[in-house]
Amino acid sequence: MNGIDWADLWSQVFNFSDYGDLIVLLQNSIIAGAVLGIVGGLIGVFVMSRDMAFAVHGISELSFAGASAGLLFGVGVVEGSLIGSIVAALIIGFLGAKSRDRNSIIAVLMPFGLGLGILCLALYPGRSANKFGLLTGQIVAVDDPRLNSLIAISIVVVVGLLVIWRPLTFASVDADVAAARGVSVQTLSIVFMLLLGLAVAVSVQVVGSLLVLSILVTPAAAALRVSSSPIVVPLLSMLFAVLSLVGGIMLALGGSVPISPYVTTISFAIYVVCRIIAASRARRGISGRQALV
Amino acid sequence: MKIFGAKSARAASEAAPSPRNAPRHVVLRVRGGALQFGERRLWHDLDFDVRAGEFVAVLGANGSGKSSLLKVILGQQQLSAGTMTFEGSPVTRGNRRIGYIPQQKLADEGAPLRGRDLVALGVDGHRFGLPLPRAARRREVDELLASVGASEYANVAVSTLSGGEQQRLRVGQSLAGDPTLLLCDEPLLSLDLAHQRAVSELIDTHRRQRDLGVLFVTHDINPVLDMVDRVLYLAGGSFRIGTPDEVLRSEVLSELYGSPVDVIRTRGRVIVVGVPDASHGHDGHHHHDDDPVVSDPGSAAPSGGPRS
């Protein structure tokens, strides 16, 4: 008999035997997923309003290069990916004030970073599973020190965002008027890039550099389909990101497949549902306009 | 959409507390102002005042430094020489008593922003922290929305609004903080004629009600011709200021440009023909560098075209 054994495939993808024991074992991963969801969902709103989805991808490739170099030279994956993404974020922040410049800089940086990362991995003598994990995620690998560093960096990002929330919104949606009103648009932009670099670095460690967009962009994009309230959108975006990550981890527990397909699939499914809701609202002519009183 | 008619604007002026002919206090004062980028001198020895309640249109060829003048007033650009005071003190960055209305740009779809949020940014967008809902803030935003006739689409995503609706919101946004001076940088650009009319009349109504000084940069004076008190015309490094009848004359503009220019008045419109192409340099600005020079876009006579 040739072809795929469907029952075997199913048990590879979904397997819930000894689920209770596994949950305890992977408690760290679930906490990491929830924290990451909050960070990604929150910063994703600004990624969308500043039109920086491509920048996120570029930063994550350099973060991958940094992580690979960290692995090769024994500096540590976390440290390496942090350095990689902050360097990338600052380069993009300083050189790419205009979106046209920014896109070309990212397009130049991205393959270079990816190539550098692949070089470092090729030279690394260790297990190949670790290497693959940097690209596609490795949820099992969250030990206590790593979880602590992830939570610490996440707190920096979230608190940073909450402090600059209002002027950053102003500068993102209405830069000319914000500048006229005394908002330091350039400074905010660099601070935002630093926070984005941190957020990408923590995400890369869990979901892998190829799939960072599913955490930092897709949930916010989905939320923007169903609301334009500046309060509802960030809340929904965080909810979607947490659902994708925690849900993905829970589903991935038993299977032998990497975690990322679960996360990206849930995240994508939420986006599709939001688009359908938006389309059906548009068909019914719901726009939020009210009669002039 | 509610369109403010000329009658309601006039009625508002009669209701204003002080008569139009009484001398008003000076909001903005420029003395010996000069602006130079390297070798290129945009203007020099600029002297003018903007008084409370006065509508001053700023005209001039591309690259004559109209937008740069606004940047100086906003404290984003330093004068090369001379002084500029706002309400008696030197201009500073981020003064809350100066409102700013830029040209209409299509709002991005990627931002969670409703009409009321755009206006609210004018109220407290410069402060740190979260935009927490407060009753006082909500009331202020509601009042501003109502004052520009935008209550109807307060909760609609800005990206789905028309250009005219977006500019209405911008007028509301600029009025937050109770400004005494309103700077408008081509606010009518890319609007159709009806919206040009509606938005300029809205600005006019508020300057009469609130006694606002208005500095209105435009490449086309016609939509605001009957509202303008004075015209500041920048060209050839120099300037003229006066009523539209004093400045928009063939001999005045010919002298200013140093070459023959015809000003044609027809059916209540002003058309300037024969303006030399001054756009070899630029303002130091990205926008409206390639706009037609003071002319009526609807007219048959192209600016800079052959003179009749």
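All figures in this text were calculated on a predicted structure; none of them were measured in a lab. (Residues numbered from 1 in each chain as written. Chains lettered and ligands numbered in written order. Predicted model: local features only at pLDDT ≥ 70, side-chain atom pairs only at ≥ 80, totals over all residues. Heavy atoms only, no water.)

(A) Main features of the overall build of chain B. Broken down by element type, chain B carries 8 helices and 12 strands. Counting over 308 residues, chain B shows a buried share of 56%. Considering only residue pairs separated by 6 or more positions, chain B has 69% of its internal contacts joining residues 24 or more positions apart. Per element, the accessible surface of chain B, about 12,700 Å² overall, is 51% carbon and sulfur. (Helix = DSSP H or I, 4+ residues; strand = E, 2+ residues; numbered from the N terminus. Buried < 20%, exposed > 50% of the residue type's maximum accessible area, 1.4 Å probe, protein only. Contact = heavy atoms within 4.5 Å. Areas by Shrake-Rupley, 256 points an atom, 1.4 Å probe, with all protein chains shown as cover.)

(B) Quick peek at the packing of helix α3 (residues 27-49) of chain A against helix α8 (residues 144-173) of chain A. Residue and element names in this part refer to chain A. Contact geometry for α3 and α8: axes closest at 9 Å, N-to-C directions at 20°. Taken together, α3 and α8 sit at an angle that is classed as roughly parallel. Crossing geometry of α3 relative to α8 is assigned as left-handed. For the contact of α3 with α8, the per-class residue count stands at 18 nonpolar, 5 polar and 1 charged. (Axes fitted to C-alpha atoms, helices over the stretch in contact; angles between N-to-C directions. Parallel < 35°, antiparallel > 145°, perpendicular 65-115°, else oblique. Left-handed = near helix turned anticlockwise from the far one by under 90°. Nonpolar A, V, L, I, M, F, W, Y, C, P; charged D, E, K, R; others polar.)

(C) Spatial organisation of helix α10 (residues 185-207) of chain A. Residues and elements named next belong to chain A. Taking 1.5 Å per residue, 23 residues should reach 33 Å; α10 reaches 32 Å between its end C-alpha atoms and fits that length. Within α10, 19 of the 23 residues are buried, which leaves the element mostly enclosed by the surrounding structure. One or two residues past the end of α10 sits Gly208, with phi positive at roughly 90°. (Expected span 1.5 Å × (residues − 1).)

(D) Region of interest: the interface of chain B and chain A. Taken together, the contact pairs 41 residues of chain B with 32 residues of chain A. Surface buried jointly by chain B and chain A totals about 3,400 Å² across both partners, of which 56% is contributed by carbon and sulfur atoms. Put simply, chain B and chain A have 2 salt bridges between them. Between A:Arg166 and B:Asp124 there is a salt bridge, with its nearest N and O atoms 2.8 Å apart. (Buried area = accessible area lost by both parts, 1.4 Å probe. Salt bridge = Lys/Arg side-chain N within 4 Å of Asp/Glu carboxyl O.)

(E) Seen up close, the packing of aromatic side chains. Tallying each qualifying case throughout the model produces 4 aromatic pairs over all chains. When the ring of B:Phe55 is compared with that of B:Phe216, the centres are 5.4 Å apart and the planes differ by 35°; the resulting orientation is tilted. Of this pair, B:Phe55 sits in strand β3 (residues 55-60) while B:Phe216 sits in strand β8 (residues 213-217), and the two are 161 residues apart along the sequence. For B:Phe55, a relative accessible area of 0% puts it in the buried group. Exposure remark for B:Phe216: the relative accessible area of 0% places this residue in the buried category. By way of ring pairs, the aromatic residues A:Phe46, A:Trp165 and A:Phe192 are connected into one cluster. (Phe/Tyr/Trp six-rings, centres within 6.5 Å; stacked < 30°, edge-to-face > 60°.)

(F) Molecular detail of the environment of A:Gly96. Residue and element names in this part refer to chain A. If you trace the backbone, Gly96 turns up in the loop between α5 (77-95) and α6 (99-123). Spatially, the C-alpha atom of Gly96 lies 27 Å from that of Ser228, the residues being 132 residues apart in sequence. Beyond its immediate sequence surroundings of up to four residues, Gly96 is in contact with Ile91, Asp101, Arg102 and Ile105.

(G) Representation of the pattern of salt bridges within the structure. Under the counting rule described, the total for this entry stands at 18 salt bridges over all chains. Here B:Arg170 makes a salt bridge to A:Asp174, at a shortest N to O gap of 2.9 Å. With one member in each of two chains, B:Arg170 in helix α5 (residues 163-175) and A:Asp174 in the loop between α8 and α9 (175-180) form a pair that bridges those chains. Each member of the pair, B:Arg170 together with A:Asp174, is buried. Taken together, the shared-partner salt bridges in this structure form one network comprising B:Asp204, B:Arg207, B:Arg208 and B:Asp229.

(H) Structural context of the environment of A:Ser85. Residues and elements named next belong to chain A. Along the chain, Ser85 falls in helix α5. A relative accessible area of 0% means that Ser85 is categorised as buried. Contacts of Ser85, omitting those with residues within four sequence positions, involve Ile59, Ser63, Gly197, Val200 and Ala201.

(I) Local environment of the pairing of strand β4 (residues 81-86) of chain B. Residues and elements named next belong to chain B. Bridging between strand β1 (residues 26-37) and β4 involves 5 bridges; their strand directions are antiparallel. Note that in β4 the partner of Arg29 across the bridge is Thr85. Where β4 hands over to strand β5 (residues 89-90), the hairpin turn is made up of 2 residues, of which Glu87 adopts a positive phi near 50°. (Pairing = 2+ DSSP bridges.)

(J) Structural view of the sheet that holds β8(B). All names here are of chain B. Across the sheet, 6 strands lie side by side as β6-β7-β8-β3-β9-β10; this open sheet has mixed pairing. Pairing within the sheet leaves two strands with one partner each, and these edge strands are β6 (98-101) and β10 (238-242). Pairwise comparison of adjacent strand axes, ignoring direction, gives a mean angle of 15° for this sheet. As paired elements, β6 and strand β7 (residues 181-185) share 4 bridges and run parallel to each other. Along β7, the bridge assignment pairs Ile98 with Leu181. Seen against the sheet, α5 touches β6 and β7 and runs at an angle of roughly 165° to β6.

These values are about where atoms sit, not about what they do.
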